Amino acid sequence: MNRGWSQLMHFLAKRPCILAAISTDFLTRRTLPLRSKLWNKQPLPLESNFLSPHLLRSLEKGLSMSEEIRIPISASMRHVHLCHQDVEALFGAGHQLTPAKALSQPGQFACEETVNICGPKGRIERVRVLGPERQETQLEISRTDEFKLGVEAPIRASGKIEGTPGIRLEGPEGVVELQKGVIQAARHIHMTPADAERLGVEDRQWVMVRVGGKRGIIFDDVLVRVKESYVLDMHLDADEANAADLGPDAWGVLIKGLTGVAPDPND
Ligand SMILES: [Zn+2]
């Protein structure tokens, strides 16, 4: 157990009643000694549905944060990546996507093209297409969008679309009835191997990131993606960014010593 955790254990041992059930779940998913030493024998009293302020303060004191490395944060609005076949189906035979704006990751761009998406309950117009073309079409939406459209999309890492729902895409030249590919993108951080080394993390690791401000949040379960061509940037969807009231210059810091937990792939 690292020093941060032993400080936290000591703190909690003196105050056995401050943890809500959800906090216990949060901790026991990461550190079984907590459950076996302190909580095994009796159920915890419920205090609130959140990690208690005491616990959060303790986390901040006891665990080191990589304050020296600011991770820029970008919010991704709903968007769609298209395969070549679907580009032609929606925009006409031989159509090439038109880059409109470069994105933070080299080679990725927002296109002039948009599509309308149509679910069982509602539609959203002018959803941005992102290029370049991909092997498989993938629509990334927020939870709020799901309510509007009437679809239930799982949280997935980009590209993991097996078993996800489909939806109808409408372009100026045709329609695509997607059979799968609608997801809520798992929040993630792009970084180079050098960034990963400085931050002490590895590709595909799940980590936690804290952002400050009046609606500061600790984002649990953030996926690390390492590639030489990447630029350090954390990607959230619109709901996540709005919940933390993040602006264009938002940044966060990695919380070292706490490991995030991957979302259940069977969700
Ligand atoms: Zn990304």
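Just so you know, these numbers come straight off a predicted model, no measurement behind them.

1. Some words on the overall build of the chain
Right, so step 1: Helix and strand content of the chain: eight helices and 15 strands.
Right, so step 2: With 267 residues in all, the chain has 31% of them scored as buried.
Right, so step 3: The long-range share in the chain, meaning contacts at least 24 apart out of those at least 6 apart in sequence, stands at 72%.

2. A word on the pairing of strand β3 (residues 99-102)
Right, so step 1: As judged from the three bridges shared by β3 and strand β4 (residues 109-118), these two strands associate in the antiparallel manner. Within the sheet, the bridge partner assigned to A102 lies in β4 and is F109.
Right, so step 2: Count of turn residues in the β3/β4 antiparallel hairpin: six residues, of which G107 carries a positive phi of about 90°.

3. Considering the confidence of the model for the chain
Right, so step 1: Per-residue confidence for the chain gives a mean pLDDT of 82, with 70% of residues at or over 70.
Right, so step 2: Note on residues 31-51: pLDDT under 50 across the span, and 29 contacts to partners over four residues away in sequence or across chains.

4. Focus on helix α5 (residues 84-91)
Right, so step 1: By the burial criterion, the buried members of α5 are D86, V87, A89, L90 and F91. Along α5, the residues classed as buried sweep out an arc of 165° about the axis, all on the same side.
Right, so step 2: Residues of α5 that are buried sit in contact with β2 (79-83), β4, β5 (123-134), β8 (168-170) and β9 (175-177).

5. Focus on the pairing of strand β14 (residues 233-237)
Right, so step 1: A large share of β14 lies buried, amounting to four of its five residues.
Right, so step 2: In this structure, strand β1 (residues 71-76) lies alongside β14, joined through four bridges in parallel fashion. Bridge pairing in β14 links A75 to L236.

6. Quick look at the environment of V224
Right, so step 1: Topologically, V224 is positioned in strand β13 (residues 217-226).
Right, so step 2: What makes V224 buried here is the crowd of 21 C-beta atoms within 10 Å.
Right, so step 3: Dropping the residues within four chain positions of it, V224 is found in contact with I189, M191, A196, V201, E202, D203, R204, Q205 and V207.

7. Looking at the nonpolar core
Right, so step 1: Of all hydrophobic cores here, the largest spans 25 residues; its most connected members are I167 and L169.
Right, so step 2: Secondary-structure elements contributing two or more residues to this core are β2, α5, β4, β5 and β10 (182-185).
Right, so step 3: Considering each element in turn, this core owes the most residues, four residues, to α5.
Right, so step 4: With near-sequence residues (within four places) excluded, L169 lies in contact with V80, L90, V115, I117, V175, V176 and L178.

8. With respect to the environment of L103
Right, so step 1: With respect to the helices and strands, L103 occurs in the loop between β3 and β4.
Right, so step 2: Residues L103 and S74 lie 29 residues apart in sequence; the distance between their C-alpha atoms is 10.0 Å.
Right, so step 3: Contact partners of L103, with chain neighbours within four places excluded, come to Q108, F109 and A110.

9. Some thoughts on unusual backbone geometry
Right, so step 1: Along the chain, G131 connects to P132 via a cis peptide bond; the corresponding omega equals 0°.
Right, so step 2: For P132, the position within the fold is in strand β5.

The rules behind these values
Residues numbered from 1 in each chain as written. Predicted model: local features only at pLDDT ≥ 70, side-chain atom pairs only at ≥ 80, totals over all residues. Helix = DSSP H or I, 4+ residues; strand = E, 2+ residues; numbered from the N terminus. Buried ≥ 20, exposed ≤ 12 C-beta atoms within 10 Å, placed from the backbone. Contact = placed C-beta atoms within 7 Å. Pairing = 2+ DSSP bridges. pLDDT = per-residue confidence, 0-100. Arc of directions from axis to C-beta. Core = buried A, V, L, I, M, F, W, Y, C linked by C-beta atoms within 7 Å.

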